[in-house]
Amino acid sequence: MKPLNSNNVMKKQFSLVFVKFAVCFLLLGLAYRLFLSNFEQFSQIEVNDIALASNNTLPPQVTVTEPPMTVDLPENRTLQNGKCDLFIGNWVRDPSGPVYTNTTCDTIEFHQNCMKNGRPDTEYLYWRWNPRDCDLPRFSPKKFLNLMRNKSFAFIGDSIMRNHVQSLLCLLSQEEQGDAVYHDKQYKSRRWYFPNHNFTLSVIWSPFLAKATVFEDNNGVSTDITQLHLDKPDDVWTQQFDSFDYVFIAGGKWYLKSAIYYENNSIVGCHYCPGKNITQVGFEYAYRKALNSTMKFITSLKNQVYTFFRTTTPDHFENGEWNTGGYCNRTGPFKEGEVNIGYVDEVMRKIELEEFERASEFGLNMKLFDTTLISLMRPDGHPGVYRQYQPFAKENKNKKIQNDCLHWCLPGPIDSWNDIMMEML
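Read on for an overview of the structure. Because the structure is predicted, anything quoted here is derived from the model rather than measured.

Calculation criteria
Residues numbered from 1 in each chain as written. Predicted model: local features only at pLDDT ≥ 70, side-chain atom pairs only at ≥ 80, totals over all residues. Heavy atoms only, no water. Helix = DSSP H or I, 4+ residues; strand = E, 2+ residues; numbered from the N terminus. Buried < 20%, exposed > 50% of the residue type's maximum accessible area, 1.4 Å probe, protein only. Contact = heavy atoms within 4.5 Å. Areas by Shrake-Rupley, 256 points an atom, 1.4 Å probe, with all protein chains shown as cover. 1 Å grid on protein atoms, 1.4 Å probe; cavity = no way out; pocket = protein on both sides within 12 Å on 5 of 7 lines; lining within 4 Å. Points joined across faces, edges and corners; volume = space filled by probe spheres on them. Phe/Tyr/Trp six-rings, centres within 6.5 Å; stacked < 30°, edge-to-face > 60°. Lys NZ or Arg CZ within 6 Å of the ring centre and 35° of its normal. Disulfide = S-S within 2.5 Å. Expected span 1.5 Å × (residues − 1). Polar contact = N/O pair within 3.5 Å; in protein donor to acceptor, adjacent residues only side chain to side chain. Nonpolar A, V, L, I, M, F, W, Y, C, P; charged D, E, K, R; others polar. Salt bridge = Lys/Arg side-chain N within 4 Å of Asp/Glu carboxyl O.

### Here's the deal with the overall build of the chain
Here is step 1: Along the chain, the regular secondary structure elements total eight helices and 13 strands.
Here is step 2: The buried share of the chain, reckoned over its 425 residues, is 47%.
Here is step 3: Taking as baseline every contact in the chain between residues at least 6 positions apart, the subset at least 24 positions apart corresponds to 77%.
Here is step 4: For the chain, the exposed surface amounts to about 22,600 Å²; the carbon and sulfur share of it is 53%.

Laid out in structure tokens, this is it:
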């Protein structure tokens with residue numbers, strides 16, 4: 001038997017201690033990495049959101065430059081605290097830009113075709129709506145059409161509703177082109193059919209939602225004052241409402257027009273009717289009554305149609321109205337809190353929210369589509385003078401230039417409405 005060597009024993013003990021220390025160090029390092037990874041997964045993602053200053057405007061001649069590239073938002077950020085209000089947030093830069101243009105989509109109406117009409121700046125195309133507390137996935141035409149297979153969807157309202165439908169058609173055309181199968185005499189009510197999915201998409205012209213006799217041509221010239229029955233929803237949509245699977249409905253700016261109001265076939269007042277011996281009751285009274293009648297009709301139906309109710313869309317006329325020299329030449333969005341809603345839009349939205357709440361008490365199968373404030377933040381998204389072709393061309397120098405600061409360029413901010421609609425569906 002060999003004698004024990006004290007040096008060897010010490011070496012072995014030292015080696016054992018060293019190995020134990022190394023293992024502990026590695027385990028601590030691994031735990032630290034796992035902690036960091038978990039922390040990063042739930043940390044708020046910072047986005048370099050450099051909005052244009054609120055006073056950025058579009059002069060008659062602009063040098064077009066590509067927008068600066070920024071970090072885009074991930075597509076699948078999880079909800080925070082399990083909550084998400086899709087209508088509270090900010091517009092963030094989207095370097096990918098629109099999925100369609102005026103050359104890839106042929107359903108854009110002339111007055112909203114800002115690209116074709118010569119709008120020189122492109123900044124307005126590179127923003128996307130981002131709710132504050134969650135991510136909003138991009139609209140998927142394939143997913144939407146699969147969801148709508150063997151279904152029908154109707155959009156009921158005024159020209160803003162038609163604007164929305166054009167946006168939807170352009171987005172859907174990336175998957176399937178709809179066939180135009182119907183239009184009325186003025187092409188205001190239309191219908192498209194998507195044969196691969198047996199899906200029907202309609203837009204129904206009913207700017208008041210209530211029964212109305214209008215004496216106005218396509219250029220907005222009136223020969224007499226509108227007659228409006230506040231207690232009678234318009235037959236053009238009520239007679240076919242319950243035949244649809246989904247409906248998108250809204251009132252709006254037509255209630256600011258001069259009108260005589262009826263209830264039970266008797267005159268109850270008017271809005272701006274000088275020279276007539278009729279009590280002025282104002283558009284607020286009429287709008288509330290008409291929305292109340294609309295909601296009552298929808299709740300009375302046995303077949304509860306899945307319905308979206310959209311709040312009013314603000315305009316962005318500055319230094320005047322559409323007929324008094326007002327214009328909109330801003331080139332960037334506002335951030336949250338940078339702009340206040342106007343009096344008329346605030347009144348209309350308040351009425352809408354109150355009537356929606358009242359109808360909800362009766363178990364109405366209706367979703368509130370409250371786009372007023374997110375639209376308010378996009379003064380740059382309107383056609384403005386580019387509602388007409390090349391407004392500053394030599395041949396147009398003697399023509400009166402009219403601004404459109406209510407409807408939306410296509411592509412443009414209204415495309416994000418379809419992102420929200422898809423998420424709600």
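That was the structure; now back to the text.
### What about the layout of surface pockets?
Here is step 1: Estimates place the volume of the second largest pocket at around 310 Å³.
Here is step 2: Contributing to the lining of the second largest pocket are 21 residues, with G97, P98, V99, D415 and D419 lying nearest its centre.
Here is step 3: At the level of elements, β2 (127-131) and α8 (415-424) are the ones that each hand at least two residues to the lining of the second largest pocket.
Here is step 4: Here the element with the most residues in the lining of the second largest pocket is α8; it accounts for three residues.

### As for the packing of aromatic side chains
Here is step 1: A full pass over the atoms with the stated rule returns 24 aromatic pairs.
Here is step 2: Relative to F308, the ring of F153 has its centre 6.5 Å away and its plane inclined at 5 degrees; by these criteria the two rings are stacked. You can see F153 sitting in strand β3 (residues 152-157) and its partner F308 sitting in strand β12 (residues 306-310), a full 155 residues away along the chain. Exposure class is identical for F153 and F308. Each is buried.
Here is step 3: With centroids separated by 6.2 Å and ring planes inclined at 70 degrees, the aromatic side chains of Y386 and F392 adopt a geometry described as edge-to-face.
Here is step 4: The class for F392 is partly exposed, based on a relative accessible area of 38%.
Here is step 5: When the ring centre of Y124 is taken as reference, the NZ or CZ atom of R119 above it lies at 3.9 Å.
Here is step 6: One Lys or Arg, K257, reaches over the ring of W254 and ends 4.6 Å from the middle of that ring.

### Here we look at the state of the cysteines
Here is step 1: For the structure shown, the criterion picks out five disulfides.
Here is step 2: Residue pairing for C114: its cysteine sulfur links by disulfide to C409, the two sulfurs lying 2.0 Å apart. What sets the handedness of the C114 and C409 disulfide is the S-S torsion sign, and at about -85 degrees it is left-handed. Taken as a pair, C114 in the loop between β1 (89-93) and β2 and C409 in the loop between α7 (372-376) and α8 lie far apart in primary sequence, 295 residues in all.
Here is step 3: Assessed through its relative accessible area of 0%, C114 is described here as buried.

### Quick look at helix α3 (residues 159-172)
Here is step 1: Under the 1.5 Å per step criterion, the end-to-end length of α3 is 20 Å for 14 residues, consistent within 8% with the ideal 20 Å.
Here is step 2: For α3, a buried count of 14 out of 14 residues is recorded, marking the element as mostly surrounded by other parts of the structure.
Here is step 3: Capping the start of α3, D158 holds a side-chain oxygen 3.0 Å from the backbone nitrogen of I160, two or three residues further along.

### Description of empty space enclosed by the protein
Here is step 1: Scanning the model with the defined rule gives three cavities of 30 Å³ or more in all.
Here is step 2: Approximately 50 Å³ is the volume attributed to the largest cavity.
Here is step 3: Lining of the largest cavity is provided by D158, I160, G251, G252, K253, R310, T312, T313 and L406.
Here is step 4: For the lining of the largest cavity, the residue count by class is two nonpolar, four polar and three charged.

### Observations regarding the pattern of salt bridges
Here is step 1: Enumeration over the complete set of coordinates arrives at 15 salt bridges.
Here is step 2: Where D121 meets R119, a salt bridge forms, and the shortest distance between an N and an O atom there is 2.6 Å. Taken individually, D121 and R119 each receive the classification buried, so the pair is uniform in this respect.
Here is step 3: K350 is the partner of E354 in a salt bridge, and the nearest nitrogen-oxygen pair spans 2.6 Å. Note that E354 and K350 are positioned in helix α6 (residues 343-360) at a spacing of four residues, about one turn of the helix.
Here is step 4: Salt bridges here are not isolated pairs; linked through shared partners, they connect R288, K350, E354, E355 and R358.

Interpretation in functional terms is not warranted from these geometric data alone.
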